[in-house]
Amino acid sequence: MLLNQFLLLGAVLFCTGVYGVLARRNAVLVLMSIELILNAVNINLLAFGAMHGEAAAVASQVFALFVITVAAAEVGVGLAIVLLIYRNRTSVDLDQVDLMRG
Amino acid sequence: MDVLSGPVAGVFRAPDVDYHAFAPELVLVAVLVAVLVVDLVLEGRGRRLVGGLAGIGLLAAMVPVLTLAVDGANRSMVGGAYVVDDFALVFKGLFLIAGYVTMLLSSDYLADDDYYEGEYYFLLLSSVLGMMVMASSRDLISIFVALELLSIPAYMLAGWRKRDLKGNEATLKYYLLGVFATGVMLYGMSLIFGITGETVLTEIGSKLQGPGASLPLVSLGIVFVIVGFAFKISAVPFHSWAPDTYEGAPTPITAFLSVASKAGGFVALMQLVFIGFLGRDDVWQPMFWVLAALTMTVGNLIALRQTNIVRMLAYSSVAQAGYMLLPFAVAGDLAKGPGAAMGPMTTYLLIYAAMNLGAFALVLAVARKTRSGEIASYGGLFEYAPGLTVLMSIFVFALAGIPPLGGWYGKLVVFKTLLDANTPWAIVLGVIAAVNSVIALYYYASVAREMWMRPVPDGDTTPVRVPAGLTAALSLCAVATVVIGVYPQVVARFGDLAVFSLLP
């Protein structure tokens, strides 16, 4: 069935994103990986919405629009933080940001 | 065929808006726009004015909360997606008061630094607004939007000291883990939406009671959503950001994050679990059991070896989140229904807010003189600041749960819930919690020992000057902590109120 293919794409994107967040050391690439996760969410939402009929389709599209909008705001803040780190340290390597050890 | 046939046919009718129900949020929106404009017009000359305006705004938003509480009717709007009931009002009150206390803590802290103030208050108000919306959200979309509205300003506030490397690190760790957690939560939400085809929690709840609820996909969705919020409430193993962010952020913001932001996460979890996921307690109950046991134990054990007071309080607040998770872990086994777990959690959250805000207010007051966060710098505090010493003793012993100070009652209701459940797992969890309370007493008492018994480290015994705002915040928290301890009925009443009226 067609739905499976969309869900599979969503799952692959999600896993790629999670791997990127955990493995990448460059802050900008981590931000991009987070975007992948959010796009996986959007694909899931739209695929499921199309499956459930008209009312659910509208709800899913509204949900996806909110995810896109909020993600833009989030990344705006994220890039500002990365820029701040770069100005103070001239590097965006996350491994070097270790003044405090959790 | 007419383009406008189908679901959008006909004239657009605006939905009925119950302005009274939205009044607290509307007041807050008006105030935060005013703060932004006043700051823009006065260009930094009206620093005090902006802070005062924001504080008055928070108190003004309290008025409609009270009138709604007196009115007492449950108001459900937008097809059940936004509900104003007693539960929502109790938490809106908590968020406004916590925001106001943070404001009191911030005013002198900011004035000492060379940073802009207008944006600070604007961001703080935005975050409080997000929490207010969260308390009423009964829909996946509005929960998500409220979560972002409360988190994004908090990311920026955590990094307020732009030129401080620790501040940078605090905001980076908070942001990356927070956003990652949001992504995981959203993926879980998309799965739950996919199975049920609904976003309103009550609808999801009824679908998850019926056939199809036991699909593995639903379980996966529930696990992801809970993991997402476990970051927000800093439950172990998702707590790693908390100590670093708490240490690097400005201390008033640390107080705000450890109380209000954590309460926001708990509010969302209660709504999701007790309305949406009620039928699947086989998934969330064991998960909360593990989270609660780990959170208490790891939080307390690491707190034992901290030498910095803010980090100690950070781990202590991680451990406190563990106690608050206890009722979740046994909710499905309660004879009176899962809803009976909500009262104890709310009660604990309210008490925790008073004592933890107080402890951070005191850290701020002492740091004005010692300029240090080391626990050793509290040595001999009694010699030059007896009043502060007594207050700090009240707060740490309240956190440890010693009667007659507030904390004991929170612990009592939580333990009572475990005993009510009366299953072997609940009893085991109760034993773990009891052992943890003893461990916690050690590090709380060591702060008291430092203050009362040790000598002053550098021999400097000039008295600490505490500004008016800080004094007000300290007395507010101290009075609340002591009064709750002596007359626990005050918060018990709120705890009873804060149960959803629509529970089956």
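Rules and cut-offs
The numbering scheme is per chain: residues are counted from 1 as the chain's sequence reads. Here every chain gets a letter starting at A, and every ligand a number starting at 1, in the order they are written. The predicted nature of this model means local features are confined to residues of pLDDT at least 70 and side-chain atom pairs, given and counted, to a pLDDT of 80 or more, with totals for whole chains, interfaces and linings taken over all residues. Put simply, DSSP H or I for four residues or longer makes a helix, DSSP E for two residues or longer makes a strand, and each gets a number counted from the N terminus. For the radius of gyration, the atom set is restricted to C-alpha positions; the globular benchmark scales as 2.2 Å times the number of residues to the power 0.38. Every C-beta atom is placed from the backbone, and the number of other C-beta atoms within 10 Å of a residue's own sets its class: buried at 20 or more, exposed at 12 or fewer, partly exposed in between. Here the contact rule is simple: place C-beta atoms from the backbone, and any two residues whose C-beta atoms are within 7 Å are in contact. The predictor attaches a confidence to each residue, and that confidence, scored 0 to 100, is pLDDT. Interaxial angle, 0 to 180 degrees, is taken between N-to-C directions of lines fitted to C-alpha atoms, where a helix line uses only the stretch in contact. Convention used here: angles under 35 degrees read as roughly parallel, angles over 145 as roughly antiparallel, angles from 65 to 115 as roughly perpendicular, and any remaining angle as oblique. Each crossing gets its handedness from the near helix: less than a right angle anticlockwise from the far helix is left-handed, clockwise is right-handed. The span expected for a helix works out to 1.5 Å for each residue beyond the first. Residues are grouped as follows: Ala, Val, Leu, Ile, Met, Phe, Trp, Tyr, Cys and Pro are nonpolar; Asp, Glu, Lys and Arg are charged; every other residue, Gly included, is polar. In these notes, a nonpolar core means any group of buried Ala, Val, Leu, Ile, Met, Phe, Trp, Tyr and Cys residues linked to one another through C-beta atoms within 7 Å.

Focus on the overall build of chain A
Reasoning step 1: Assigned secondary structure in chain A consists of three helices and zero strands.
Reasoning step 2: The order of helices and strands in chain A, counted from the N terminus, is α-α-α.
Reasoning step 3: Relative to the 2.2 N^0.38 estimate, which gives 13 Å for 102 residues, the radius of gyration of chain A is 17 Å and therefore markedly larger than a compact globule would have.
Reasoning step 4: Its C-alpha atoms give chain A principal-axis dimensions of about 50 × 25 × 20 Å.
Reasoning step 5: Per-residue burial for chain A yields a buried fraction of 38% across its 102 residues.
Reasoning step 6: For chain A, contacts bridging at least 24 residues in sequence account for 49% of all contacts bridging at least 6.

A few points about the confidence of the model for chain B
Residue and element names in this part refer to chain B.
Reasoning step 1: Here chain B shows a mean pLDDT of 89. Residues at 70 or above account for 96%.
Reasoning step 2: The least confident element of chain B is helix 19 (residues 489-497), whose mean pLDDT is 82; the most confident is helix 5 (residues 140-158), at 95.
Reasoning step 3: Across residues 1-5, where pLDDT falls below 50, the model places one contact with residues more than four positions away in sequence or in other chains.
Reasoning step 4: Reported for the predicted complex are a pTM of 0.93 and an ipTM of 0.96.

Let's talk about the packing of helix 2 (residues 27-51) of chain A against helix 6 (residues 165-196) of chain B
Helix packing geometry: the angle between the two helix axes and the distance between the axes.
Reasoning step 1: Between helix 2 of chain A and helix 6 of chain B, whose axes approach to 9 Å, the crossing angle comes to 15°. Between helix 2 of chain A and helix 6 of chain B, the angle falls in the class roughly parallel. When the axes of helix 2 of chain A and helix 6 of chain B are compared, the crossing they make is left-handed. Along the contact surface, helix 2 of chain A presents Val30(A), Ile34(A), Ile37(A), Leu38(A), Ala40(A), Val41(A), Asn44(A), Leu45(A) and Phe48(A), while helix 6 of chain B presents Leu176(B), Val179(B), Phe180(B), Gly183(B), Leu186(B), Tyr187(B), Ser190(B), Leu191(B), Phe193(B) and Gly194(B).

Quick notes on helix 16 (residues 407-421) of chain B
Residue and element names in this part refer to chain B.
Reasoning step 1: Given a rise of 1.5 Å per residue, 15 residues ought to cover 21 Å, and the 22 Å separating the end C-alpha atoms of helix 16 matches this to within 8%.
Reasoning step 2: Along helix 16, the residues classified as buried are Gly407, Tyr409, Gly410, Lys411, Val413, Val414, Thr417, Leu418 and Ala421.
Reasoning step 3: Of the residues trailing helix 16, Asn422 is marked for its positive phi of about 55°.

With respect to the interface of chain B and chain A
Reasoning step 1: In this assembly, 35 residues from chain B lie in contact with 35 residues from chain A.
Reasoning step 2: Elements that contribute at least two residues to the side of chain B that touches chain A include exactly helix 5, helix 6 and helix 9 (241-248) of chain B.
Reasoning step 3: Here the side of chain B that touches chain A is built from residues that sort into 18 nonpolar, 10 polar and seven charged.

Describing the nonpolar core
Residues and elements named next belong to chain B.
Reasoning step 1: Core analysis: the largest hydrophobic core is formed by 228 residues, its most contacted members being Phe95, Leu125, Ala361 and Leu362.
Reasoning step 2: In terms of residue count, helix 13 (residues 342-370) provides more of this core than any other element does, 19 residues in total.
Reasoning step 3: Not counting the four nearest positions on each side in its chain, Ala361 is found in contact with Leu105, Leu470, Ala473, Leu474 and Cys477.

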